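Results of the structural survey
Letter by letter, the chains look like this.
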Amino acid sequence: MNSIKKDTFHNGILDYGCGPGTFLNLSNSKFKVGYDIAEDQLSFARKLVTDAQFTSNHSFLESQFKNISHIVACELIEHLNKDQIIKLLDLVKIIVDKRLDNMLSTSFLITTPNYRSLWPLLEIFVDLVSRQNYRAQHISKFNPSLIHNLLNNHFSKNVYDYTLHVSSFQGFSWISKYLNFTDKIIENFNIGNLIFSKITFYKFKK
């Protein structure tokens, strides 16, 4: 959330795969819209976040491009297959292109588990404790290099002017500020359990 707030062009958020609206409920953006294909999740989200709009329609999202400065996919792409991920990236491209035609910058943020960390062991532990096949829910597995390549390959540097930041984090500092140094070490080696990526497209296409 802090990474969004510090952007001077921030005015609205699209939470793609919003589920029950938890992320949007924490946002104070002027414009908030959530997308999901599960109608029961959208029904709950509409009651929870009354100042946001919710939809399962890509065309509606495209029509709202001027209001969407930030597109967020939190803990989502690991649940999608290759075709579904491409569908998401194509939507991002449509919104970005429309905004660039209007000289508007856009950011796309992704968080997803890091399979170059201890995350696979954590999944096994959760499955044993909960007696659920948690691992089966994760169709696509990423590490920082794969995320970096995914975004660079889909958004050609020959066409777009953008910055791309990909890192991992652990979150020990959430437990205690004295553990902040541990997070810094883990981030340097990109072995934190979660990946954070942010690609920001600037106000023109090449």
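As shown above, the structure is provided for reference.
Attention here is on the structure that accompanies the text. Keep in mind the model is a prediction, meaning the values are calculated, not measured.

1. So, the nonpolar core
- In this structure, Leu14, Ile77, Leu88, Phe108, Leu151 and Phe155 are the most contacted members of the largest nonpolar core, which totals 34 residues.
- Contributions of two or more residues to this core are made by β1 (12-16), β2 (31-35), β4 (70-74), α5 (82-101), β5 (106-113), α7 (144-154), β6 (160-169) and β7 (194-205).
- With 8 residues, the single largest contributor to this core is α5.
- Ignoring any residue separated from it by four or fewer positions in sequence, one finds Phe108 in contact with Ile71, Ala73, Leu88, Leu89, Val92, Leu151, Ser197, Lys198 and Ile199.
- Within the second largest apolar cluster, 15 residues are counted, among which are Ile4, Ile13, Phe23 and Phe54.

2. Looking at the pattern of salt bridges
- Taken as a whole and assessed by the stated rule, the structure comprises 3 salt bridges.
- A salt bridge links Lys198 to Asp7, with the nearest nitrogen and oxygen atoms 2.8 Å apart. In this pair, Lys198 sits in strand β7 while Asp7 sits in the loop between α1 (2-5) and β1, placing the two residues 191 residues apart along the sequence.
- Take Lys198: its relative accessible area is 10%, and that puts it in the buried class.
- Here Asp51 ties to Lys32 by a salt bridge, and the two come within 3.0 Å at their closest N and O atoms. Taken as a pair, Asp51 in the loop between α3 (39-48) and β3 (53-55) and Lys32 in strand β2 lie far apart in primary sequence, 19 residues in all.

3. Re the pairing of β1
- Burial analysis of β1 places 5 of its 5 residues in the buried class, the great majority of the element.
- Of the pairings in the sheet, the one linking β1 to β4 comprises 3 bridges and is parallel in character. Within β4, the position partnered with Leu14 by the bridge is Ile71.

4. Section: α5
- The end-to-end C-alpha distance of α5, which contains 20 residues, comes to 28 Å, matching closely the 28 Å that a straight helix rising 1.5 Å per residue would cover.
- Burial in α5 covers these residues: Ile85, Leu88, Leu89, Leu91, Val92, Ile95, Val96, Asp97, Arg99 and Leu100.
- Two or three places before Asp83, at the start of α5, stands the capping residue Asn81, its side-chain oxygen 3.1 Å from that residue's backbone nitrogen.
- Count one or two residues on from α5 and you reach Met103, which has phi positive near 60 degrees.

5. Looking at the pairing of β2
- For β2, the tally of buried residues reaches 5 of 5 residues, placing the bulk of the element in the interior.
- As paired elements, β1 and β2 share 5 bridges and run parallel to each other. Looking at the pairing, Ile13 lines up with Lys32 of β2.
- The pairing of β2 with β3 spans 3 bridges and is classified as parallel. Looking at β3, one finds that Tyr35 is bridged to Thr55.
- With α3 bridging β2 and the parallel β3, this β-α-β connection has right-handed handedness.

6. Considerations on the environment of Tyr162
- Inspection of the secondary structure puts Tyr162 in strand β6.
- Put simply, Tyr162 and Ser105 are 57 residues apart on the chain and 9.5 Å apart in space, counted from C-alpha to C-alpha.
- Polar contacts involving the side chain of Tyr162 include one to the main-chain carbonyl oxygen of Phe155, which spans 2.8 Å.

Cut-offs applied
Residues numbered from 1 in each chain as written. Predicted model: local features only at pLDDT ≥ 70, side-chain atom pairs only at ≥ 80, totals over all residues. Heavy atoms only, no water. Core = buried A, V, L, I, M, F, W, Y, C linked by side-chain atoms within 4.5 Å. Buried < 20%, exposed > 50% of the residue type's maximum accessible area, 1.4 Å probe, protein only. Helix = DSSP H or I, 4+ residues; strand = E, 2+ residues; numbered from the N terminus. Contact = heavy atoms within 4.5 Å. Salt bridge = Lys/Arg side-chain N within 4 Å of Asp/Glu carboxyl O. Pairing = 2+ DSSP bridges. Expected span 1.5 Å × (residues − 1). Polar contact = N/O pair within 3.5 Å; in protein donor to acceptor, adjacent residues only side chain to side chain. Right-handed = clockwise from strand over helix to strand, strands pointing away.

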